[in-house]
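Residue-level structural notes
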Amino acid sequence: MDAILMKIYEFYTGEDRDLLLRAYDFAQEAHHNQKRASGEPYFIHPCAVAEILVGLGLDAETVAAALLHDVIEDTPATEEDIRREFGENVLTLVSGVTKLDKIVFKSHEEEEAENFRKIFIAMAKDIRVIIIKLADRLHNMRSLNYLSSDRQQRMARETLDIYAPIAGRLGISQIKCELEDHCLKYLDPAAFEYLVSNIHQKLEERNRFVDYVVEEINKILVESNIHGEVFGRPKHFYSIYKKMTSKNKTLDQIYDLTAVRVIVGTVDECYEVLGKIHKTWKPVPGRIKDYIATPKPNLYQSLHTTVVTNFGQPFEIQIRTEEMHRTAEYGIAAHWKYKEQRTEETTLDQRISWIREMMDIQGGLRDSQEFLDTVKAELYTPELLVFTPQSKVISLPNGATPVDFAYAIHSEVGNHCIGAKVNGKIVPLNSSLELGDVVEIITSPTSKGPSRDWLKFIKSSSAKAKIKTFFKRETKEENIKLGRSMLEDLARRKGCTLPEILTPESFKKVSEKYAFDTQDEMFAAIGYGGVSVNQVFFRLVDYFRKEVPSPIEVRPFKEKHDGSAVTVKGMTGLLVSFAGCCSPVPGDTIVGFVSRGRGVVIHRADCPNLKNAEPGRLQPAEWTGKNREARYKAAIIVYAEDQGAALSAVSQSTTEMKLSISSINGRYDKNHDAIVEFTVSLLDKNDLEILIGKITNHARIIEVRRMSNG
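**Some details on the overall build of the protein chain**
Helix and strand counts for the protein chain stand at 29 helices and 20 strands. When each of the 710 residues of the protein chain is scored for burial, the buried share is 51%. Considering only intrachain contacts with a sequence separation of at least 6, the fraction spanning at least 24 residues in the protein chain is 67%. For the protein chain, the computed accessible surface area is about 34,200 Å², with 49% contributed by carbon and sulfur atoms.

This is the structure:
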């Protein structure tokens, strides 16, 4: 707690220092008498987070927000208190990292996914939010030993899956490496202890070797009249662990436990030193990487080479300029730490462009978990580098296609894509791209948009999300209509009406939970599956149970079935049955077929089995609208990327609508698409359309349609 005060006085002056001292006093008072799991005063935690950010060179507002980041969540202090004392900017940062502790979630996974979506939205507005969150997570990982084993495992897994990759994507290697090492300690403690013990045993021998390499490279710099710095840096444990597990090697087979770094003044000097090192020691083929010409997505730049000494020991050398080194160590934080030395104002925008892209597509994703899965897929460094005709480097996942490339350029390029050239030759849109390909996208302003078939072969999660977003926006009016119909229908089945439960007051309660601006936005979200109709309905009903003197009674739905809802040629009371081949439901145009022994069999008018029927045996029929509690069977076929996705979508959608499945089976076709056919009991055609719409909006679903077994 004293250390952060010393740093405040050392690194900040004037109004900045005053802001930080006020934040320090406010947070200390707010957390008075609170303890951490270790038994220490809780205030140690925000001080440690703030100290990490001071070390990264962050501005006073960010450090103040770090000191205050838990006061809204864990103390009586309110947002208004923060706004009044420290201003809107600090409040925005604090709110961005405040957990959603006042919402009841169905599961821990849903809570983490929803919390992460909030953090992502906040960091899209101000990138400093995620930097605070990374520092917060780093200090929590440093003191994880005080928590239970289950919480240690869960927190370490989440950190390794989400926060360490984000730190890497932002280029903050200091935080990324330490986070990964802490995660390894709890996720594979035996491996961690083995590495710590055995690497330290070899420390003296390795240091002698590194000293020799550093001395030889310094001679090269002197002979070349190049001013620079050479030093060895041990690789962090997790990077060694990954190499051992991915390449099935023992520690004795990992030679580059220490990387030697060479820091010089200019890019030309980087290449000159590389050439002279290769003249001195033999380079290992395939181990030369030029990240200066083709930077990583996080803007990391350096030359990497692995060479073999005269006595046969390989080691890695990294060569970079001073500016590249700052970028490699501090990443996006260098924007604040080295403000006076920045030459490009666009650097920050380049670094956070992927965050803004994630925000552009998040509205088209079904729920927070799908958003989290998409972000996870995009966080890990892509392995395929291809070029635009203007020589711009585009990073894509392995196996990516021209469609993935088009959406990586811009959503509108993807939406209007009609063809592609690779290395000057026209290729199919489902072609797999290779490293170094030059890709040109052919677009047309008259294109009506992407094809749903593209979802079958594209590899990029962001491209898939953008295509789904396009279809969601294109069908907005349809989604509004569908969502309203679903809510009206559920209300009717539960014994009430929509106008009874949907009032300005009850809608306000729903919008507080789901951030809907208008009722149409709520209906659209229900229609495209962004929120379930049950979630909205029961929240509306809950409001009435609490606020209205005579609460609405939600009644169970009774299942019945007979033919009284149909008239044939104006007559009722006939022996009527329903055809299994086309499974008519109320709302379908129907016709009666006079059978031998079964009375009148009701078919859909478009049933293929009636094509060759004797005209005299066909009788006009219609639904009477009576017996609204009767259930009818309908057959549906689902095409999906995998069978698990199809079964999950069918199960979730029918459960939400409280429908009963009477039969289901699945298979794969020759294109390896999953096909699931099922029969469901439902009320009418409106139910059927709602169900098809809900299943269609699930992830990895290609097509859903009604079956007719003609």
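Still to come is the rest of the account.
**With respect to the sheet that holds strand 14 (residues 590–594)**
The strand order 12-16-14-15-13 describes an open sheet built from 5 strands, whose pairing is mixed. The sheet is open, and its two borders are formed by strand 12 (566–568) and strand 13 (576–578), each paired with just one other strand. Taking each pair of neighbouring strands and ignoring which way they run, the sheet shows an average axis angle of 35°.

**Notes on the sheet that holds strand 17 (residues 632–640)**
For sheets, the rule is that strands pair by backbone hydrogen bonds, running either parallel or antiparallel. Spatial strand order, 18-19-17-20: 4 strands in an open sheet with antiparallel pairing. Strands at the two margins of the open sheet, each flanked by one partner only, are strand 18 (660–668) and strand 20 (701–706). Each strand axis lies, on average, 20° off the axis of its neighbour in the sheet, ignoring direction. Of the pairings in the sheet, the one linking strand 18 to strand 19 (residues 674–682) comprises 8 bridges and is antiparallel in character. What sits directly across from Tyr668, in strand 19, is Ala674. In the packing of helix 28 (residues 643–656) onto the sheet, contacts are made with strand 17, strand 18, strand 19 and strand 20, and the angle to strand 19 comes to roughly 15°.

**Remarks on the packing of helix 28 against helix 29 (residues 685–696)**
For any two helices packed against each other, one specifies the inter-axial angle together with the distance between the axes. In the contact formed by helix 28 and helix 29, the axes pass within 9 Å of each other and the chain directions differ by 140°. The angle between the axes of helix 28 and helix 29 places the two elements in the oblique class. As for how helix 28 packs across helix 29, the hand of that crossing is right-handed. In this structure, helix 28 uses Ala649, Val650, Ser653, Thr654 and Glu656 to contact helix 29, whose residues at the interface are Leu691, Lys694 and Ile695. Its residues placed into classes, the contact of helix 28 with helix 29 shows 4 nonpolar, 2 polar and 2 charged.

**Regarding the packing of aromatic side chains**
Counted according to the given criterion, the structure contains 11 aromatic pairs. Pairing Phe578 with Tyr632 gives two aromatic rings, centres 5.3 Å apart and planes at 80°, and the pair type is edge-to-face. Linking Phe578 in strand 13 with Tyr632 in strand 17, this pair joins segments that are 54 residues apart in sequence. Pair check on accessibility: Phe578 and Tyr632 agree, each one buried. These aromatic residues form a ring-pair network of at least three members: Phe209, Trp281 and Phe315.

**Observations concerning helix 29**
Each α-helix winds once per 3.6 residues, and so residues spaced three or four apart point in a common direction. Counted at 1.5 Å a residue, the expected span for helix 29 with its 12 residues is 16 Å, and the 16 Å between its end C-alpha atoms agrees. Where helix 29 is concerned, the buried positions are Asp687, Leu688, Ile690, Leu691, Ile692, Gly693, Lys694 and Ile695.

The rules behind these values
- Residues numbered from 1 in each chain as written.
- Predicted model: local features only at pLDDT ≥ 70, side-chain atom pairs only at ≥ 80, totals over all residues.
- Heavy atoms only, no water.
- Helix = DSSP H or I, 4+ residues; strand = E, 2+ residues; numbered from the N terminus.
- Buried < 20%, exposed > 50% of the residue type's maximum accessible area, 1.4 Å probe, protein only.
- Contact = heavy atoms within 4.5 Å.
- Areas by Shrake-Rupley, 256 points an atom, 1.4 Å probe, with all protein chains shown as cover.
- Pairing = 2+ DSSP bridges.
- Axes fitted to C-alpha atoms, helices over the stretch in contact; angles between N-to-C directions.
- Parallel < 35°, antiparallel > 145°, perpendicular 65-115°, else oblique.
- Left-handed = near helix turned anticlockwise from the far one by under 90°.
- Nonpolar A, V, L, I, M, F, W, Y, C, P; charged D, E, K, R; others polar.
- Phe/Tyr/Trp six-rings, centres within 6.5 Å; stacked < 30°, edge-to-face > 60°.
- Expected span 1.5 Å × (residues − 1).

From the geometry alone we can't say anything about function, so treat these as descriptive.
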